[in-house]
Amino acid sequence: MSEEKEAFNEHNYSADSIQALEGMEHVRMRPSMYIGDVGTRGLHHLVYEVVDNSIDEALAGHCNNITVIINEDNSITTEDDGRGIPVDLHKKEGVSALEVVMTKIGAGGKFDKDSYKVSGGLHGVGVSCVNALSDHLKATVYRNGKIYEQEYQRGKSMYPVKQIGETDKRGTTVTFKPDPTIFTQTLEYSYDTLASRLRELAYLNKGITVHLVDKRTKKEDGEFEGETFHSKEGLKEFIQFLDATREPLMKDVIAFEGEKNGVPVEVAMIYNTSYAENLHSYVNNINTHEGGTHLSGFRRGLTHTLKKYADESGMLDKLKFDIAGDDFREGLTAIISVKVQEPQFEGQTKTKLGNREVSASVSQAVSEMLTDYLEENPDDAKTIVQKVILAAQARHAAQKAREMVQRKTVMSIGGLPGKLSDCSEQDPQKCEIYLVEGDSAGGTAKMGRDRAFQAILPLRGKILNVEKAMTHKVFENEEIKNIFTALGVTIGTEEDSKALNLSKLRYHKIVIMCDADIDGSHIETLILTFFFRYMKELIENGHIYIATPPLFLVKKGAKKEYAWNDEERLALMEQYGDGAKIQRYKGLGEMNAVQLWDTTMNPEFRTLRQIQIDNGVEADRVFSMLMGDEVPPRRAFIEKNAIYANIDA
């Protein structure tokens, strides 16, 4: 046995093996390890990695303009006016520094503390990873009065770096085309997705100008579709953008920018009349949606400072119960951005900051900022404390409502909602539940399902719009109580009254199944708003799906096929010819049980859309806009996106 092991080690575990594992081939073999996935999210992540290099130049004070171009063939070009990637010979590697940066994982200026004090991007993967996953990439460097160029195919250089001309400009231009053998789902870039991230970067790095150009689309004036993002006031303007559809409680955004204990800290916050807490945190431009020490520091500084002010004001004297940390954050929108030289990330998706020293820096910054503001704005200070007192009173009412939900939560089969038709399988990973609009469709779904692993919970009408409801009203709502109880989850811990406990989640697939019409879409949005505000972890862990029932049945004689959109319907009509008949499904209840199973519930043939949060900040803004009180922004959004909507005539 030992001889076999030695032989294996000698012949298979050599220096060459290590090199292969660390090289570009490994990136191509295991792309999801480097960019998350090879779907839409990973495709866009390639752009962010290249842009991060330009942002690093800007953070170091050497770059003012960044341009991202979506070309007609869905290739991407990024341009900046930074110093240009060095092209001189790399002594250790024996080739140009540009080639090292483009072809070696972990190579680049951001690992040299003298070049960059801080840098963005995740884990130093960088542009070499983009090169490895591109069918073709061309890098052009404008540096020291000369133009240099090198091209690569699937991560390997096609020729040595060469000088192709002279110039008076400086910077780096990278054009890449994602490899279709790796990105098999889609190669099409979303303008809105890129715009959302570039806008975010402009707010997080004030003074930088970021251009986005889409050469696939021309406007009426003949110019390409595009936007320019630039922010003079940074996070202060970011807050105003995020809270544009909410009613503010105060006249100004509270903002702080400075360095505490060697950590650059920028914080902006405002209170509004809503009941949601919207905290967004960043480290080196990375959205840390799992939070971390900087978020803990913010919460501690906020709670301590406001509690001290409220106590000294005497406004809490008549309150018969203690104020909790959550009460200080109801109706609060805040952004916390820190720059850390060597960030340590934790958590499931490596987006939770673990650096302990950052907590005290942020806490101190928030305390100073808030103390000054409260002293200088006594009217706003009074309004904030009154909001906190109302939040505390509502929390106590919500606690009673929540306890009712907890008592009804699954302890035995008798604790389940009466309308729930459960499945026989006990393993949550194999179980799925359909939240179905109305009793009629629910009845059809119950008859058509596979009882072994599919459960059905009919919902009566439109559930409560949680965006405009106080917390205790949410927990008192019958349909929402039924969802909590059926899923088996509990909410609230001693540390965090809003934390969700998923340990007893009974179904790992939660499928929203509504009619394919305007009312159905509205109900879907209401349910998604509820999950986003009260059960976001279910979305983040990939448990929430939307069913896609067909819109039409096209048949002629014994032949019949389903169509999910007008294009498919027209194609089938042309294929079947004269005499083809069309049945339009205006609701799930119009299908019989067999049809519903065949098209929408059978795992072999159905199409489920998994709900993902690509950008938590943008999701927060859109839910607030769609489900809030402000009509004009909602109308503008619908008009802009009407082309993608199915309008039920």
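Given the structure is predicted, the values throughout are model-derived calculations rather than measurements.

**Let's talk about the nonpolar core**
Move 1: Judged by nonpolar contacts, the single largest core of 53 residues is most densely connected at Met269, Phe298, Leu302 and Val338.
Move 2: Broken down by element, the residue count for this core peaks at eight residues, all from helix α11 (residues 356-376).
Move 3: Judged by nonpolar contacts, the second largest core, of 48 residues, contains Tyr34, Val51, Val141 and Tyr191.

**Details of the pairing of strand β17 (residues 432-437)**
Each regular strand displays side chains that alternate between the two surfaces of the sheet.
Move 1: Most of β17 is tucked away: six of the six residues are buried.
Move 2: Taking every second residue as pointing to the same face, both faces of β17 are buried, with Glu432, Tyr434 and Val436 on one and Ile433, Leu435 and Glu437 on the other.
Move 3: Direction of pairing for β17 relative to strand β18 (residues 454-459): parallel, over a ladder of six bridges. Residue pairing across strands places Glu437 opposite Leu459, the latter belonging to β18.
Move 4: After leaving β17, the chain enters helix α13 (residues 439-448) and then returns to the sheet as β18, a path that is right-handed.
Move 5: Direction of pairing for β17 relative to strand β21 (residues 509-513): parallel, over a ladder of five bridges. Bridge pairing in β21 links Glu432 to Lys509.

**Looking at the pattern of salt bridges**
Move 1: A full pass over the atoms with the stated rule returns 28 salt bridges.
Move 2: For Asp311, the salt bridge goes to Lys307, with nearest N and O atoms at 3.0 Å. In this pair, Asp311 and Lys307 both sit in helix α10 (residues 293-313), four residues apart, roughly one turn of the helix.
Move 3: Under the relative-accessibility criterion, Asp311 is labelled partly exposed at 40%.

**Examining the sheet that holds strand β13 (residues 286-287)**
Move 1: Ordered by their spatial adjacency, five strands build an open sheet running β10-β11-β14-β12-β13, and the pairing between neighbours is mixed. What marks the edges here is a single partner per strand, and that holds for β10 (254-260) and β13.
Move 2: With two bridges connecting them, strand β12 (residues 278-283) and β13 associate as antiparallel partners. Within β13, the position partnered with Tyr282 by the bridge is Asn287.
Move 3: Each of β11 (263-271), β12 and β14 (332-338) is contacted by helix α9 (residues 235-242), which is oriented at about 145° to β14, the strand it contacts most.

**A look at the packing of α13 against helix α19 (residues 593-601)**
Move 1: Contact geometry of α13 with α19 gives a least axis separation of 8 Å together with a crossing angle of 80°. As judged from the angle between their axes, α13 and α19 are roughly perpendicular. Contact residues: Thr444, Ala445, Met447 and Gly448 in α13; Ala593, Leu596, Trp597 and Met601 in α19.
Move 2: Split by residue class, the contact of α13 with α19 holds six nonpolar, two polar and no charged.

**Comments concerning the packing of aromatic side chains**
Move 1: For the structure on display, the rule yields nine aromatic pairs.
Move 2: Taken together, a centroid distance of 5.8 Å and an interplanar angle of 35° make the contact between Tyr203 and Phe241 tilted. Residue Tyr203 is located in helix α8 (residues 191-204), and its partner Phe241 is located in helix α9; the two are separated by 38 residues in the primary sequence.
Move 3: Here the aromatic rings of Phe530 and Tyr534 are separated by 6.2 Å at their centres, their planes lie at 25°, and the arrangement is stacked. Of the two residues, Phe530 and Tyr534 are both situated in helix α16 (residues 518-534); the distance of four residues between them amounts to about one turn of the helix. Each member of the pair Phe530 and Tyr534 is classed as buried.
Move 4: Pairwise contacts between aromatic rings join Phe475, Phe484, Phe530, Phe531 and Tyr534 into one cluster.
Move 5: Above the face of the Tyr159 ring, Lys162 is positioned so that its terminal group lies 4.3 Å from the ring centre.
Move 6: If you follow Arg584 out to its NZ or CZ, it ends over the ring of Phe552, 5.6 Å from the centre.

Rules and cut-offs
Residues numbered from 1 in each chain as written. Predicted model: local features only at pLDDT ≥ 70, side-chain atom pairs only at ≥ 80, totals over all residues. Heavy atoms only, no water. Core = buried A, V, L, I, M, F, W, Y, C linked by side-chain atoms within 4.5 Å. Buried < 20%, exposed > 50% of the residue type's maximum accessible area, 1.4 Å probe, protein only. Helix = DSSP H or I, 4+ residues; strand = E, 2+ residues; numbered from the N terminus. Pairing = 2+ DSSP bridges. Right-handed = clockwise from strand over helix to strand, strands pointing away. Salt bridge = Lys/Arg side-chain N within 4 Å of Asp/Glu carboxyl O. Contact = heavy atoms within 4.5 Å. Axes fitted to C-alpha atoms, helices over the stretch in contact; angles between N-to-C directions. Parallel < 35°, antiparallel > 145°, perpendicular 65-115°, else oblique. Nonpolar A, V, L, I, M, F, W, Y, C, P; charged D, E, K, R; others polar. Phe/Tyr/Trp six-rings, centres within 6.5 Å; stacked < 30°, edge-to-face > 60°. Lys NZ or Arg CZ within 6 Å of the ring centre and 35° of its normal.

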